[in-house]
Amino acid sequence: RWLPVLRRRCDVAGKRLSGTGLAAEGRVLRAVLYVYHSRLLRHRPYLALQQVEQCLKRLWKMNLLSCIETLAELIPKKSTSQTHAECLVPSQPMLETVALKVLGGCKLILRLLDCCCKAFLLSVKHLCSEEFILLNTVASGLLSRLWFVIQYRCVLQSLMSLYGMLLTSLHLVSETQQMPYITGFTFPSDIGNFLGVNISSEVKKQKARMLTTKKPTSWLKKLFPTMPEAVSEVVKRRNFLTSTSAVNNCSIPYPADIGEPVL
C-alpha cells in the first residue's frame, strides 16, 4: 500500500526541484556576481548575494534530485492485487541514503530562504542610501523572485512530506530484512523538531520583514516614471518639435550630439 504513495511523493518532490524557476534564477544570480566581481568585493549586499549563490551551489552539488529520481525508478509501477504476493522494494541502504539527503536538503533550503531575506533587506537598505543603484535594483528583484519561487512551488514542504513517507518505508523494510547502512545517526521521527523552527511561522515572519521594508520610492519614480507621465512627456516633446520645425527653417543646422553625456 505504501509503495504507490512513496512513488507519488518522489514524483512531486522531483518536479518541484527540477522546475525552471530555480535554475533560471540561479543562472541570473551567477551572471550578476560575475559582472560585479571585480568592483564590489567588499560591498555588503554583494557578499550576501555570494552566500545565496553558495547555498544554491551546495543544493545542486548534493545530487538530491538524481537520488529521488533513482528511488522512484526502483519502485514498481504496477502494484500486485494478491495479498501475500512477493514484491520488489527499495533496499534499506537506498532508503537511508535518500532520507539523509532529504534532511540535508531541507536544512539547505531553510538556510537559502534566510540568506535571501537578509540579502534582500541589505539591498533595499543600500538602495535607500542611493548606493550602487543598478546592482541593488537587480539584486532586490532577483532575491524576491527566488524567495517566491521556493515558496510558491512548496519545495520545502514537498521534501518534508517525502521524508515522512521515507521514514515509514524505512521502518517496514528494516523489519523485513535488517541491512543497516548509516551507523551512528538516528533518523528523527519529526522533521520539524530536527529543523528547529516552525516552517509556516518562519516564512510568515520573513515575508512580513520583506514587505514592511522601507522602499526608496521617491527617486525611483524619477528614474522610472509611471506610464501616463512618460507618455505625456513624450507627447509634449513631440508637439514642441513639430511646432519649432514649422516655425524655423529646415536648413538651419542643428548641433551634433554625438558622444555627449546625457544627464
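Worth saying up front: this structure is predicted, and the values here are computed from it rather than measured.

## What to know about the environment of L100
Logical step 1: With respect to the helices and strands, L100 occurs in helix α5 (residues 92-128).
Logical step 2: Residues L100 and L166, 66 residues apart in the sequence, show an inter-C-alpha distance of 10.0 Å.
Logical step 3: The contact partners of L100, leaving out residues within four places of it in the chain, are I182, F185 and F187.

## Things to note about the pattern of salt bridges
Logical step 1: Overall, the coordinates contain four salt bridges when judged by the stated rule.
Logical step 2: Between E25 and R145 there is a salt bridge, with the nearest N and O atoms lying 3.1 Å from each other. Within this pair, whereas E25 is found in helix α2 (residues 20-35), its partner R145 is found in helix α6 (residues 133-152), the two being separated by 120 residues in sequence.
Logical step 3: A relative accessible area of 41% places R145 in the partly exposed class.

## Overview of the nonpolar core
Logical step 1: Counting residues in hydrophobic clusters, the biggest one holds 70 residues, and the most contacted among them are L6, V52, I68, V102, L159 and L166.
Logical step 2: Beyond its immediate chain neighbours, meaning those up to four positions away, V52 contacts L29, L112, C115, C116, A119, L143 and L146.

## Looking at the confidence of the model for the protein chain
One rule of thumb: low pLDDT means the predicted coordinates there are not for detailed reading.
Logical step 1: For the protein chain, the mean per-residue pLDDT works out to 77, and 75% of the residues sit at or above 70.
Logical step 2: Per-element confidence in the protein chain ranges from a low mean pLDDT of 51 for helix α11 (residues 227-247) to a high of 90 for helix α4 (residues 64-74).
Logical step 3: In this model, residues 243-259 is a region of pLDDT below 50 whose contacts with residues beyond four sequence positions or in other chains number zero contacts.

## With respect to the packing of helix α3 (residues 44-61) against α6
Logical step 1: Packing of α3 against α6 brings their axes to within 11 Å, and their N-to-C directions diverge by 30°. Relative to α6, the element α3 is oriented roughly parallel. Regarding α3 and α6, the two cross each other, and that crossing is left-handed. Taking contact as the criterion, the partners of P45, L49, V52 and L56 in α3 are, on α6, L135, N136, A139, L143 and L146.
Logical step 2: Tallied by class, residues from the contact of α3 with α6 come to eight nonpolar, one polar and no charged.

## Remarks on α6
Logical step 1: Across its 20 residues, α6 extends 28 Å between first and last C-alpha, which sits within 8% of the 28 Å expected from 1.5 Å per residue.
Logical step 2: Within the sequence span of α6, burial applies to L135, N136, A139, S140, L142, L143, L146, W147, V149, I150 and Q151.
Logical step 3: Where α6 ends, the next residue or the one after it, C154, has phi of about 55°, a positive value.

## Concerning the packing of aromatic side chains
Logical step 1: Within this structure, the stated rule accounts for one aromatic pair.
Logical step 2: Between F185 and F187, the aromatic rings sit 5.3 Å apart at their centres with planes inclined by 85°, giving edge-to-face as the arrangement.
Logical step 3: Classification of F187 as buried rests on a relative accessible area of 14%.
Logical step 4: The ring of F194 is capped by K107, whose NZ or CZ atom sits 5.3 Å from the centre of that ring.

## Remarks on the state of the cysteines
Logical step 1: A full pass over the atoms with the stated rule returns zero disulfides.
Logical step 2: Left without a disulfide partner, C115 is nearest to the cysteine sulfur of C55, which lies 4.1 Å away.

## Here we look at the side chain of Q92
Logical step 1: In this fold, Q92 is placed in helix α5.
Logical step 2: Ignoring sequence-local partners within four residues, the contact set of Q92 consists of L170, V173, S174, Q177, Q178, M179 and P180.

## A few points about the environment of L142
Logical step 1: By secondary structure assignment, the location of L142 is in helix α6.
Logical step 2: When the C-alpha atoms of L142 and V32 are compared, they prove to be 9.8 Å apart, with 110 residues separating the residues in sequence.
Logical step 3: Not counting the four nearest positions on each side in its chain, L142 is found in contact with E25, V28 and L29.

About the thresholds
Residues numbered from 1 in each chain as written. Predicted model: local features only at pLDDT ≥ 70, side-chain atom pairs only at ≥ 80, totals over all residues. Heavy atoms only, no water. Helix = DSSP H or I, 4+ residues; strand = E, 2+ residues; numbered from the N terminus. Contact = heavy atoms within 4.5 Å. Salt bridge = Lys/Arg side-chain N within 4 Å of Asp/Glu carboxyl O. Buried < 20%, exposed > 50% of the residue type's maximum accessible area, 1.4 Å probe, protein only. Core = buried A, V, L, I, M, F, W, Y, C linked by side-chain atoms within 4.5 Å. pLDDT = per-residue confidence, 0-100. Axes fitted to C-alpha atoms, helices over the stretch in contact; angles between N-to-C directions. Parallel < 35°, antiparallel > 145°, perpendicular 65-115°, else oblique. Left-handed = near helix turned anticlockwise from the far one by under 90°. Nonpolar A, V, L, I, M, F, W, Y, C, P; charged D, E, K, R; others polar. Expected span 1.5 Å × (residues − 1). Phe/Tyr/Trp six-rings, centres within 6.5 Å; stacked < 30°, edge-to-face > 60°. Lys NZ or Arg CZ within 6 Å of the ring centre and 35° of its normal. Disulfide = S-S within 2.5 Å.

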